Structures are given as C-alpha cells and as structure tokens.
Amino acid sequence: LKSACDASLERAARLEFDWNVEDFSHLSERPCHSPIVFSGSFAWRITLYPHGQSDGKSTHLSAYLEGRDLKRARQAKFSLTFVNQLDEQASVVQAFPREKELDVSEWLWFKRGRSDWGLHKQIPLRDVNDPSKGFLVDDTLIIRARIVSCHYERILQAQLDEISRFARAKRNVAAVARERKRLA
C-alpha cells in the first residue's frame, strides 16, 4: 500500500521550528529542552545535551527529537539542523530515518517506551566552539527541526480507504466484463 501520510498532505502533520539556545557557553552538562511546540494534536520538543551523552560525552553535542503527550503512537520522519550562522550552506543536517524517501512503514515510531530519536554524536564540540565555524554566534546556537508525522489511526484509515477504492475498482471491472459478455 502507498504511504498513507505521503498520499495526501492533509493526512500528514508538518512542522518546522527554530530553537535559539542562548548563553550556550554557560549551559551545564544537564540536558536542556526547547519549548514544546505543536503540530496538529502532536506535541514535540528538542532535548539537547550540550556536553554530549553516552559515547559522545565531552566530544559532541547530543540532540534528540522528543514526542510529548504520547497517549497515541505516531510515526514521523524528521531532521535536526545545526544552523551555521555565517554560511547557511555549511549547516549540519541530520535526517531520521537517513533515507529521504521512505514509505511510512519505515518512519520512526514515537510511543510510550520510545519517545525520542536522535544521535549521541550530532556535531563535534570543537566545531561548535570554534568561532570561525559559525555555529555559535553571540553565544547562541540555533537548532532547526523539520518534522512530518502521521497518527496511527490516520494511517489505518488511509489504508482502509485505499482497500475500499481497490474493491470498488474491482467491482467496476467485473461489471464491465459482465456487460461485455451480455452484449456479445
């Protein structure tokens, strides 16, 4: 079946937002969070570990997109962009899942027990802290999130709609065949 979210724009919730992380050099090792933003009925936020996490600790920024209020499971594909404020073409983009065009069945699930996705090693801290690299200007880091998400029930409904259209088309073909046979 064709991707339910890709099949029609109204079935997919789309969101883009920038988070300006101010006073970056004063952030502790504790995670910090963007404001919660909404796309339709979906709530999202970015979680940033300014000094890294896990195998990225002390060497990389670690960042994750987090689905909030997960009473209902949802699937999404998204990107996190670390904006180069001197040359936007040099921004670092991490897409999840990595392949650009995927069927919705390969999108990432956000649900209870798995509410966030991202990488421990998003961007090296030496690049972030190097003024010539352009990621940190006036002690502000900008992270841009682009999200396309689809609610599970909407996916199922779209698949049922497609099956119904197929069944109607099959009945129409059978009716035409009967009519041809009758006229022959």
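Residues numbered from 1 in each chain as written. Predicted model: local features only at pLDDT ≥ 70, side-chain atom pairs only at ≥ 80, totals over all residues. Heavy atoms only, no water.

**Looking at the overall build of the chain**
Here is step 1: When helices and strands are tallied, the chain shows three helices and eleven strands.
Here is step 2: Secondary structure elements of the chain occur, N-terminal to C-terminal, as α-β-β-β-β-β-β-β-β-β-α-β-β-α.
Here is step 3: Considering the chain as a whole, with its 184 residues, one finds that 42% of them fall into the buried category.
Here is step 4: Long-range pairs, those at least 24 residues apart, make up 67% of the contacts in the chain with a sequence separation of at least 6.
Here is step 5: When the accessible surface of the chain is split by element, carbon and sulfur atoms take 51% of a total near 10,800 Å². (Helix = DSSP H or I, 4+ residues; strand = E, 2+ residues; numbered from the N terminus. Buried < 20%, exposed > 50% of the residue type's maximum accessible area, 1.4 Å probe, protein only. Contact = heavy atoms within 4.5 Å. Areas by Shrake-Rupley, 256 points an atom, 1.4 Å probe, with all protein chains shown as cover.)

**Considerations on the nonpolar core**
Here is step 1: Ranked by internal contacts, the top residues of the largest apolar core, which has 31 residues, are W44, L48, L61, L141 and I143.
Here is step 2: For this core, the leading source of residues is strand 1 (residues 13-21), giving five residues. (Core = buried A, V, L, I, M, F, W, Y, C linked by side-chain atoms within 4.5 Å.)

**Notes on the packing of aromatic side chains**
Here is step 1: In the structure shown here, the tally under the stated rule is two aromatic pairs.
Here is step 2: Taken together, a centroid distance of 6.5 Å and an interplanar angle of 70° make the contact between F42 and W44 edge-to-face.
Here is step 3: With relative accessibility at 0%, the residue W44 sits in the buried group.
Here is step 4: Residues Y49 and Y64 carry aromatic rings whose centres are separated by 5.9 Å and whose planes lie at 90° to one another, so their mutual orientation is edge-to-face. A residue pair is termed long-range when its members are at least 10 positions apart, and Y49 in strand 4 (residues 42-49) and Y64 in strand 5 (residues 60-68) qualify at 15 residues. (Phe/Tyr/Trp six-rings, centres within 6.5 Å; stacked < 30°, edge-to-face > 60°.)

**Let's talk about the environment of T140**
Here is step 1: For T140, the position within the fold is in strand 11 (residues 140-151).
Here is step 2: In this structure the C-alpha to C-alpha distance between T140 and F24, which are 116 residues apart in sequence, comes to 5.8 Å.
Here is step 3: Non-local contacts of T140, meaning those with residues more than four positions away in its chain, are made with N20, V21, E22, Q85 and F135.

**With respect to unusual backbone geometry**
Here is step 1: Unusually for a residue other than glycine, S54 sits at a positive phi of about 55°.
Here is step 2: Within the secondary structure, S54 sits in the loop between strand 4 and strand 5.

**Brief notes about the pattern of salt bridges**
Side-chain pairs of opposite charge can arise whenever the charged atoms involved come near each other.
Here is step 1: Counted according to the given criterion, the structure contains eight salt bridges.
Here is step 2: Note that R146 and E16 form a salt bridge whose closest N and O atoms lie 2.9 Å from each other. Highlighted residues: R146 in strand 11 and E16 in strand 1, separated in sequence by 130 residues.
Here is step 3: Judged by relative accessible area, which is 38%, R146 ranks as partly exposed.
Here is step 4: Linking R68 and E66 is a salt bridge whose minimum nitrogen-to-oxygen distance equals 2.9 Å.
Here is step 5: Accessibility expressed as a relative area gives 10% for E66, which makes it buried. (Salt bridge = Lys/Arg side-chain N within 4 Å of Asp/Glu carboxyl O.)

**Let's talk about the environment of W109**
Here is step 1: Mapped onto the secondary structure, W109 falls in strand 8 (residues 108-110).
Here is step 2: Of the residues examined, W109 reaches a relative accessible area of 26% and is grouped as partly exposed.
Here is step 3: Separated by 34 residues in sequence, W109 and Q75 have C-alpha atoms that sit 4.5 Å apart.

The values reported here are purely geometric and, on their own, carry no functional implication.
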